[in-house]
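Structural features, examined
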Amino acid sequence: MTGLITGSRVRLRPAAASDAARFEEILSHPEVARWWADAEEPVAAQVSYLLDPDEGTTTYAVEHDDVVVGIELAFEEADPQYRHAGIDIAVHPDWQGRGLGSDAIRALAEHLFTVRGHHRLVIDPAADNSSAIRLYQSLGFRPVGTMRSYERGPDGSWHDGLLMDLLVDDLVPAAALSSS
Ligand SMILES: CC(C)(COP(=O)(O)OP(=O)(O)OC[C@H]1O[C@@H](n2cnc3c(N)ncnc32)[C@H](O)[C@@H]1OP(=O)(O)O)[C@@H](O)C(=O)NCCC(=O)NCCS
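Since the structure is predicted, the reported quantities are computational estimates derived from the model, not experimental observations. (Residues numbered from 1 in each chain as written. Predicted model: local features only at pLDDT ≥ 70, side-chain atom pairs only at ≥ 80, totals over all residues. Heavy atoms only, no water.)

Along its length, the protein chain carries five helices and eight strands. The secondary structure elements of the protein chain, listed N-terminal to C-terminal, are β-β-α-α-α-β-β-β-α-β-α-β-β. The C-alpha radius of gyration of the protein chain comes to 15 Å, within 12% of the 16 Å expected for a compact globule of 180 residues. Taken over the C-alpha atoms alone, the protein chain extends approximately 40 × 40 × 35 Å along its principal axes. Taken across its 180 residues, the protein chain has 43% of its residues classed as buried. Here the protein chain displays about 9,400 Å² of accessible surface, and carbon together with sulfur accounts for 49% of that area. Counting 14 positive and 29 negative side-chain charges, the protein chain places the averaged centre of each group 6 Å from the other. (Helix = DSSP H or I, 4+ residues; strand = E, 2+ residues; numbered from the N terminus. Rg over C-alpha atoms; globule rule 2.2 N^0.38 Å. Buried < 20%, exposed > 50% of the residue type's maximum accessible area, 1.4 Å probe, protein only. Areas by Shrake-Rupley, 256 points an atom, 1.4 Å probe, with all protein chains shown as cover. Lys, Arg positive; Asp, Glu negative; His and termini not counted. Charge placed at Lys NZ, Arg CZ, Asp CG, Glu CD.)

A word on the pairing of strand E4 (residues 67-76). Among the ten residues that make up E4, eight are buried, leaving the element largely enclosed by the rest of the structure. With eight bridges joining them, strand E3 (residues 57-64) and E4 adopt antiparallel strand pairing. Residue pairing across strands places Ala61 opposite Ile71, the latter belonging to E4. If you look at the hairpin formed by E3 and E4, you'll find two residues sitting between the two strands, and Asp65 has a positive phi there, around 50 degrees. (Pairing = 2+ DSSP bridges.)

Because an α-helix completes one turn every 3.6 residues, residues spaced three or four positions apart along the sequence face the same direction. Residues of helix H5 (residues 130-139) that are buried include every one of Ala132, Ile133, Tyr136 and Leu139, and no others. Relative to the axis of H5, the buried residues are bounded by an arc of 120 degrees and lie together on one face. Each element contacted by the buried residues of H5 is listed here: strand E5 (85-91), helix H4 (100-115), strand E6 (120-123) and strand E8 (158-167). Positive backbone phi, approximately 115 degrees, marks Gly140, located one or two places after H5. (Arc of directions from axis to C-beta. Contact = heavy atoms within 4.5 Å.)

Here we take up unusual backbone geometry. Of note, Asp66 is a non-glycine position whose phi angle comes to about 65 degrees, a positive value. Mapping Asp66 onto the fold places it in the loop between E3 and E4. The backbone phi angle of Ser149 is positive, close to 45 degrees, even though this residue is not glycine. Within the secondary structure layout, Ser149 lies in strand E7 (residues 142-152).

Turning our attention to helix H1 (residues 20-28). Turning to H1, its buried residues are Arg22, Phe23, Ile26 and Leu27. One side of H1 carries all its buried residues, which in axial view fall inside an arc of 130 degrees. Buried-residue contacts for H1 involve helix H2 (30-36), helix H3 (43-51), E3, E4 and E5.

Now the structure itself:
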(Lines give C-alpha, C1' and ligand atoms only; values in the text may rest on other atoms or scores of the structure.)
Protein backbone atom coordinates (compact mmCIF):
# COMPACT_ATOMS: atom_id res chain seq x y z
CA MET A 1 0.00 0.00 0.00
CA THR A 2 1.77 3.16 -1.16
CA GLY A 3 1.00 6.70 -2.18
CA LEU A 4 -0.69 9.76 -0.79
CA ILE A 5 -4.17 9.74 0.72
CA THR A 6 -6.02 13.03 0.75
CA GLY A 7 -8.70 13.99 3.27
CA SER A 8 -10.61 17.25 3.47
CA ARG A 9 -8.01 18.91 5.70
CA VAL A 10 -5.17 16.43 6.05
CA ARG A 11 -2.87 14.52 3.76
CA LEU A 12 -1.54 11.07 4.66
CA ARG A 13 1.97 10.48 3.36
CA PRO A 14 3.83 7.19 3.77
CA ALA A 15 6.29 7.70 6.61
CA ALA A 16 9.97 8.26 5.83
CA ALA A 17 13.18 8.11 7.85
CA SER A 18 13.11 11.92 7.99
CA ASP A 19 9.94 11.69 10.14
CA ALA A 20 11.81 9.99 13.02
CA ALA A 21 12.40 13.06 15.18
CA ARG A 22 8.86 14.40 14.79
CA PHE A 23 7.35 10.95 15.47
CA GLU A 24 9.46 10.69 18.62
CA GLU A 25 8.26 14.15 19.69
CA ILE A 26 4.61 13.17 19.15
CA LEU A 27 4.87 9.81 20.92
CA SER A 28 6.82 11.30 23.84
CA HIS A 29 4.17 13.89 24.64
CA PRO A 30 2.50 12.81 27.90
CA GLU A 31 -1.00 13.15 26.40
CA VAL A 32 -0.09 10.67 23.67
CA ALA A 33 2.27 8.48 25.73
CA ARG A 34 -0.48 7.74 28.24
CA TRP A 35 -2.31 5.84 25.48
CA TRP A 36 0.57 4.64 23.28
CA ALA A 37 3.54 4.00 25.55
CA ASP A 38 4.71 0.58 26.64
CA ALA A 39 6.75 0.40 29.84
CA GLU A 40 9.18 -2.02 28.22
CA GLU A 41 9.62 -0.41 24.81
CA PRO A 42 11.44 2.93 24.56
CA VAL A 43 9.93 5.54 22.25
CA ALA A 44 12.92 5.23 19.92
CA ALA A 45 12.12 1.54 19.42
CA GLN A 46 8.47 2.37 18.76
CA VAL A 47 9.56 4.87 16.12
CA SER A 48 11.94 2.34 14.53
CA TYR A 49 9.03 -0.08 14.21
CA LEU A 50 6.75 2.60 12.73
CA LEU A 51 9.36 3.41 10.09
CA ASP A 52 9.92 -0.26 9.25
CA PRO A 53 6.76 -2.11 10.26
CA ASP A 54 5.70 -5.70 9.71
CA GLU A 55 4.50 -6.86 6.31
CA GLY A 56 0.92 -5.65 5.78
CA THR A 57 1.31 -2.57 7.96
CA THR A 58 1.74 0.94 6.58
CA THR A 59 2.63 4.00 8.63
CA TYR A 60 1.57 7.47 7.49
CA ALA A 61 2.65 10.93 8.54
CA VAL A 62 -0.53 12.99 8.95
CA GLU A 63 0.12 16.41 7.42
CA HIS A 64 -1.93 19.59 7.78
CA ASP A 65 -0.69 22.75 6.07
CA ASP A 66 2.65 20.99 5.48
CA VAL A 67 3.14 20.31 9.21
CA VAL A 68 3.31 16.72 10.47
CA VAL A 69 0.53 16.78 13.08
CA GLY A 70 0.16 13.07 13.67
CA ILE A 71 0.91 9.43 12.94
CA GLU A 72 -1.55 6.94 11.51
CA LEU A 73 -1.20 3.23 10.83
CA ALA A 74 -3.09 0.75 8.73
CA PHE A 75 -2.59 -2.98 9.10
CA GLU A 76 -4.12 -5.49 6.75
CA GLU A 77 -4.97 -9.11 7.55
CA ALA A 78 -3.55 -11.33 4.81
CA ASP A 79 -5.74 -14.41 5.37
CA PRO A 80 -8.55 -14.10 2.77
CA GLN A 81 -11.05 -15.82 5.04
CA TYR A 82 -10.59 -13.15 7.71
CA ARG A 83 -9.81 -10.22 5.45
CA HIS A 84 -10.06 -6.89 7.26
CA ALA A 85 -7.89 -3.92 8.16
CA GLY A 86 -7.14 -2.03 11.34
CA ILE A 87 -6.30 1.59 12.07
CA ASP A 88 -4.38 3.33 14.86
CA ILE A 89 -3.69 7.04 15.28
CA ALA A 90 -1.98 9.68 17.41
CA VAL A 91 -2.38 13.43 16.86
CA HIS A 92 0.03 15.86 18.54
CA PRO A 93 -1.89 17.55 21.38
CA ASP A 94 -1.17 21.02 19.91
CA TRP A 95 -3.35 19.96 16.97
CA GLN A 96 -6.08 17.98 18.71
CA GLY A 97 -9.70 19.15 18.90
CA ARG A 98 -9.71 20.72 15.42
CA GLY A 99 -11.28 17.89 13.48
CA LEU A 100 -7.96 16.67 12.05
CA GLY A 101 -8.06 13.26 13.75
CA SER A 102 -11.54 12.51 12.45
CA ASP A 103 -10.55 13.65 8.96
CA ALA A 104 -7.45 11.42 9.05
CA ILE A 105 -9.38 8.36 10.21
CA ARG A 106 -12.12 8.97 7.66
CA ALA A 107 -9.62 9.39 4.82
CA LEU A 108 -7.78 6.18 5.70
CA ALA A 109 -11.07 4.28 6.18
CA GLU A 110 -12.28 5.41 2.74
CA HIS A 111 -8.96 4.34 1.22
CA LEU A 112 -9.10 0.92 2.87
CA PHE A 113 -12.69 0.40 1.69
CA THR A 114 -12.52 1.80 -1.83
CA VAL A 115 -8.91 1.30 -2.94
CA ARG A 116 -7.91 -1.72 -0.89
CA GLY A 117 -11.31 -3.41 -1.11
CA HIS A 118 -11.86 -4.14 2.56
CA HIS A 119 -15.37 -4.60 3.90
CA ARG A 120 -14.54 -4.41 7.63
CA LEU A 121 -12.23 -2.20 9.69
CA VAL A 122 -11.32 -2.42 13.37
CA ILE A 123 -9.86 -0.06 15.93
CA ASP A 124 -9.00 -0.92 19.53
CA PRO A 125 -8.73 2.04 21.92
CA ALA A 126 -8.04 1.53 25.60
CA ALA A 127 -11.39 0.91 27.29
CA ASP A 128 -11.03 4.14 29.30
CA ASN A 129 -9.98 6.32 26.33
CA SER A 130 -13.42 7.89 26.23
CA SER A 131 -12.58 10.78 23.89
CA ALA A 132 -11.13 8.44 21.25
CA ILE A 133 -14.10 6.06 21.62
CA ARG A 134 -16.54 8.99 21.21
CA LEU A 135 -14.73 10.13 18.08
CA TYR A 136 -14.70 6.64 16.53
CA GLN A 137 -18.43 6.25 17.27
CA SER A 138 -19.11 9.59 15.53
CA LEU A 139 -17.50 8.12 12.41
CA GLY A 140 -19.67 4.99 12.57
CA PHE A 141 -17.46 2.52 14.49
CA ARG A 142 -19.48 0.32 16.84
CA PRO A 143 -18.29 -1.22 20.08
CA VAL A 144 -17.92 -4.99 19.77
CA GLY A 145 -16.77 -5.82 23.25
CA THR A 146 -14.18 -5.41 25.95
CA MET A 147 -10.91 -7.25 25.51
CA ARG A 148 -9.85 -7.87 29.10
CA SER A 149 -6.22 -7.19 30.07
CA TYR A 150 -5.56 -6.56 26.39
CA GLU A 151 -2.58 -4.21 26.37
CA ARG A 152 0.30 -3.30 28.63
CA GLY A 153 0.31 0.38 29.57
CA PRO A 154 3.09 2.77 30.45
CA ASP A 155 2.75 1.74 34.11
CA GLY A 156 3.53 -1.86 33.13
CA SER A 157 0.10 -3.21 34.06
CA TRP A 158 -2.45 -4.84 31.73
CA HIS A 159 -5.36 -2.65 30.64
CA ASP A 160 -8.67 -3.48 29.02
CA GLY A 161 -9.19 -2.55 25.36
CA LEU A 162 -12.43 -1.91 23.49
CA LEU A 163 -12.70 -3.67 20.13
CA MET A 164 -14.70 -1.51 17.69
CA ASP A 165 -15.59 -2.33 14.11
CA LEU A 166 -16.85 -0.46 11.06
CA LEU A 167 -18.46 -2.15 8.07
CA VAL A 168 -18.35 -0.42 4.72
CA ASP A 169 -21.92 0.90 4.97
CA ASP A 170 -21.40 2.22 8.52
CA LEU A 171 -18.97 5.03 7.61
CA VAL A 172 -20.71 8.32 8.36
CA PRO A 173 -20.68 10.61 5.29
CA ALA A 174 -18.22 13.51 5.52
CA ALA A 175 -21.02 16.03 5.12
CA ALA A 176 -22.57 14.78 8.34
CA LEU A 177 -19.40 15.50 10.35
CA SER A 178 -18.48 18.81 11.97
CA SER A 179 -15.80 20.64 9.96
CA SER A 180 -15.90 24.13 11.48
C1 LIG B 1 -7.96 10.39 19.67
C2 LIG B 1 -7.29 11.47 18.79
C3 LIG B 1 -6.57 10.79 17.65
C4 LIG B 1 -8.37 12.41 18.25
O5 LIG B 1 -7.72 13.36 17.39
P6 LIG B 1 -8.28 14.85 17.27
O7 LIG B 1 -7.56 15.49 16.17
O8 LIG B 1 -8.27 15.51 18.58
O9 LIG B 1 -9.78 14.54 16.86
P10 LIG B 1 -10.89 15.59 16.43
O11 LIG B 1 -10.40 16.97 16.59
O12 LIG B 1 -11.39 15.17 15.11
O13 LIG B 1 -12.04 15.28 17.48
C14 LIG B 1 -11.79 15.50 18.88
C15 LIG B 1 -12.86 16.39 19.47
O16 LIG B 1 -12.80 17.67 18.87
C17 LIG B 1 -14.07 18.01 18.33
N18 LIG B 1 -13.87 18.78 17.10
C19 LIG B 1 -13.90 18.31 15.86
N20 LIG B 1 -13.68 19.30 14.99
C21 LIG B 1 -13.49 20.39 15.71
C22 LIG B 1 -13.19 21.71 15.38
N23 LIG B 1 -13.06 22.10 14.10
N24 LIG B 1 -13.04 22.58 16.38
C25 LIG B 1 -13.17 22.20 17.66
N26 LIG B 1 -13.44 20.94 18.04
C27 LIG B 1 -13.59 20.06 17.07
C28 LIG B 1 -14.72 16.69 18.06
O29 LIG B 1 -16.14 16.84 18.01
C30 LIG B 1 -14.27 15.91 19.24
O31 LIG B 1 -15.05 16.30 20.35
P32 LIG B 1 -15.41 15.31 21.55
O33 LIG B 1 -14.12 14.98 22.23
O34 LIG B 1 -16.33 16.09 22.38
O35 LIG B 1 -16.03 14.12 20.91
C36 LIG B 1 -6.33 12.33 19.64
O37 LIG B 1 -7.02 12.84 20.75
C38 LIG B 1 -5.07 11.60 20.10
O39 LIG B 1 -4.13 11.43 19.37
N40 LIG B 1 -5.05 11.19 21.38
C41 LIG B 1 -3.88 10.60 22.00
C42 LIG B 1 -3.54 9.24 21.40
C43 LIG B 1 -4.75 8.36 21.34
O44 LIG B 1 -5.55 8.29 22.26
N45 LIG B 1 -4.88 7.64 20.20
C46 LIG B 1 -5.98 6.73 19.97
C47 LIG B 1 -5.50 5.35 20.17
S48 LIG B 1 -6.76 4.17 19.68
